[in-house]
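# Results of the structural survey
In case you want the letters, here they are:
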Amino acid sequence: MIPLKYLLDRKQDVIERLKVKHFDASEIVRHIEELNNLRRKTQAESDAKQAELNQISKEIGYLFKQGNKPKADELKHQTTAIKQQIQDLQQSLSDIEVKIENLLVLLPNLPHQSVPEGKGAEDNLIVRQGDIAAVPNKGLPHWDLAKKYDIIDFELGNKITGSGFPVYKGKGAKLQRALISFFLDEAIKAGFKEVIPPFLVNEESGFGTGQLPDKEGQMYFVQNDNLYLIPTAEVPVTNIFRDTILDEKDLPQKYTAYTPCFRREAGSYGKDVRGLNRLHQFDKVEIVVIEHPNRSYEQLEQMLVHAESLVQKLQLPYRIVKLCGGDMSFASALTYDIEVFSMAQNRWLEVSSVSNFETFQANRLKLRYRDTESKKNLLCHTLNGSALALPRIVAAILENNQTDRGIKVPDVLVPYTNFDIIN
RNA sequence: GGAGAGAUGGCAGAGUGGUCGAAUGCGGCGGUCUUGAAAACCGUUGUACCCGCGAGGGUACCGGGGGUUCGAAUCCCUCUCUCUCCGCCA
């Protein structure tokens with residue numbers, strides 16, 4: 001959510017920048033400005049009436065002490081009308097505030113200056129690309145390999161739960177565990193603190209990171225207890241810092257967490273959902289950083305380098321793209337995707353998304369730091385990235401490492417799996 | 001799940017209807033003293049919003065929401081959470 005003050009201080013700039021995300025904000029901004037003027041006027045009136053009532057109440061107390069009951073009773077009568085006025089003003093004030101809030105949440109985050117123009121994925125900017133020459137020419141897609149070596153059972157998952165909930169078996173299960181441990185260990189080496197958060201969150205947390213109110217349909221909801229299954233560790237981990245004021249010297253806060261992720265993925269179909277490409281439940285190691293606004297873009301680059309180092313160590317062919325305005329998420333100011341190439345599917349698979357949200361989440365979270373110089377509480381910047389999501393990494397490993405003898409396990413994983421071939 | 005107790009500022013902890021945004025202690029910050037540090041002493045120390053160029057003024061907030069009252073941290077209702085005991089349980 002864009003902070004109200006920021007928005008009103010630079011209306012024209014906001015409207016211009018949101019055009020990069022193909023969002024026309026002019027009507028909403030105009031409406032918000034109107035409502036805000038009304039809000040200020042209403043609060044001023046309400047405060048004045050309150051002050052008046054407080055004054056009278058003090059006098060009544062004083063008169064009672066003096067035993068001047070008649071005078072006190074006389075004053076009491078005056079308060080009836082004032083109280084009614086206050087109640088009415090308070091009611092309009094809260095109505096106005098709700099209206100402003102409802103409009104503010106409609107505005108996507110402002111894209112960073114460097115975000116390229118564009119409609120969709122085809123307009124993303126390729127930042128750098130690894131070597132894909134070494135990728136074997138042809139081979140089986142991972143869903144065939146999974147069956148051949150009996151390591152991932154999609155049918156069985158269908159029976160137990162439904163599509164998109166695979167069962168990992170034998171070396172397939174061990175490979176999951178190995179990847180999780182490897183990713184966590186690498187994150188810890190890079191200075192991230194490991195946490196295991198809850199896998200269900202309440203409504204406040206969903207709102208804090210921006211899943212609620214309008215991406216409700218993407219999350220599984222437990223009605224009896226009013227809880228949501230997390231779609232990513234970003235939600236519980238970032239919410240560690242909800243309603244928090246940090247010391248400036250405590251920035252950055254760098255966290256990593258492994259969690260399963262649950263996504264309803266309503267509306268997906270076709271080749272996108274084949275095999276491991278898009279699941280309802282999958283595993284991911286996430287990195288989350290709370291950073292000083294002056295350093296958040298530097299931090300974003302470091303996080304990208306960290307995620308990139310993982311695909312390098314796994315020796316997977318990859319590229320990094322900077323998302324264009326049309327392909328970016330609602331809450332992000334700048335996003336890099338890391339994609340690995342699968343020759344068997346002949347396509348790029350997104351395995352990581354690293355974003356800077358600037359103050360967009362922090363504003364909702366009320367996550368601030370105390371500025372040493374001004375002594376003011378200012379909004380932090382929040383960032384997060386996958387490091388990494390497992391399913392497509394597994395898909396790429398299976399597809400790109402297939403040999404006549406079986407699937408070759410990447411060297412860095414062997415200490416974790418204790419086997420070097422899946423056959 | 002049943003019974004009881006509780007929730008106050010960064011922390012501890014007083015406050016049971018009026019001058020309480022809240023005693024006191026600790027912590028933090030600034031200063032005096034000191035070669036330096038500690039101790040001691042003095043001062044200062046919550047958040048948000050509104051008005052104002054500013055100085056400054058106003059309003060709200062004592063777990064959340066609602067109520068009683070001229071006036072609520074204090075009384076009532078309700079929700080949430082914590083603790084103790086009992087039950088159940090990996």
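It should be noted that the structure appears before, not after, this text.
Everything quoted here is computed from the prediction, not taken from an experiment. (Residues numbered from 1 in each chain as written. Chains lettered and ligands numbered in written order. Predicted model: local features only at pLDDT ≥ 70, side-chain atom pairs only at ≥ 80, totals over all residues. Heavy atoms only, no water.)

### What about the overall build of chain A?
Using the following cut-off: Starting at the N terminus, helices and strands are each numbered in turn, a helix being any DSSP run of H or I of at least four residues and a strand any DSSP run of E of at least two. Summary of the burial criterion: residues with accessible area below 20% of their type's maximum are buried, those above 50% are exposed, and those between are partly exposed, where the area comes from a 1.4 Å probe applied to protein chains only. Contacts are assigned to residue pairs that have any heavy atoms within 4.5 Å of one another. Under the convention used here, a 1.4 Å probe and the Shrake-Rupley method define accessible areas, while residue burial counts only the protein chains that appear. The positive count covers Lys and Arg only, the negative count covers Asp and Glu only, and His and the chain ends enter neither. Just so you know, the charge point we use is NZ for Lys, CZ for Arg, CG for Asp and CD for Glu.
From N to C terminus, chain A includes 13 helices and 18 strands. Taking the principal axes of the C-alpha coordinates as reference, chain A spans close to 100 × 45 × 40 Å. Split into buried and exposed, the 423 residues of chain A put 50% on the buried side. Considering only residue pairs separated by 6 or more positions, chain A has 74% of its internal contacts joining residues 24 or more positions apart. Entry remark: accessible area of chain A is about 20600 Å², with carbon and sulfur atoms responsible for 50%. Across chain A, the mean location of the 54 positive side-chain charges is 2 Å away from that of the 57 negative side-chain charges.

### What to know about the packing of aromatic side chains
Note the following rule: Note on aromatic pairs: the rings of Phe, Tyr and Trp (six-membered ring only in Trp) are paired at centre separations within 6.5 Å, and the planes decide the class, stacked below 30 degrees, edge-to-face beyond 60, tilted for the rest. Note on geometry: a ring has a charge over it if NZ (lysine) or CZ (arginine) is within 6 Å of the ring centre and within 35 degrees of the ring normal.
Counted under the stated rule, the structure contains 7 aromatic pairs. Each ring, one from phenylalanine 182 and one from phenylalanine 183, has its centre 5.7 Å from the other, and the planes form 45°; the classification is tilted. Pairwise contacts between aromatic rings join Phe182, Phe183 and Tyr416 into one cluster. The ring of phenylalanine 192 is capped by lysine 254, whose NZ or CZ atom sits 4.5 Å from the centre of that ring. Positioned over the ring face of phenylalanine 207 is arginine 364, at 4.5 Å from the centre of the ring.

### Focus on the environment of proline 252
The topology assignment puts proline 252 in the loop between strand 8 (244-247) and strand 9 (253-262). When near neighbours in sequence (up to four residues on either side) are disregarded, proline 252 contacts Val289, Ile290, Glu291 and Gln299.

### Regarding the sheet that holds strand 5 (residues 200-201)
The criterion, for reference: Paired strands, in this sense, are two strands between which DSSP finds at least two bridges.
Strand order in the open sheet formed by 3 strands is 5-7-6, and the pairing between neighbours is antiparallel. Two strands in the sheet have a free side with no partner beyond their single neighbour: strand 5 and strand 6 (221-222). Where strand 6 and strand 7 (residues 227-229) come together, 2 bridges link them in antiparallel fashion. Looking at the pairing, phenylalanine 221 lines up with tyrosine 228 of strand 7.

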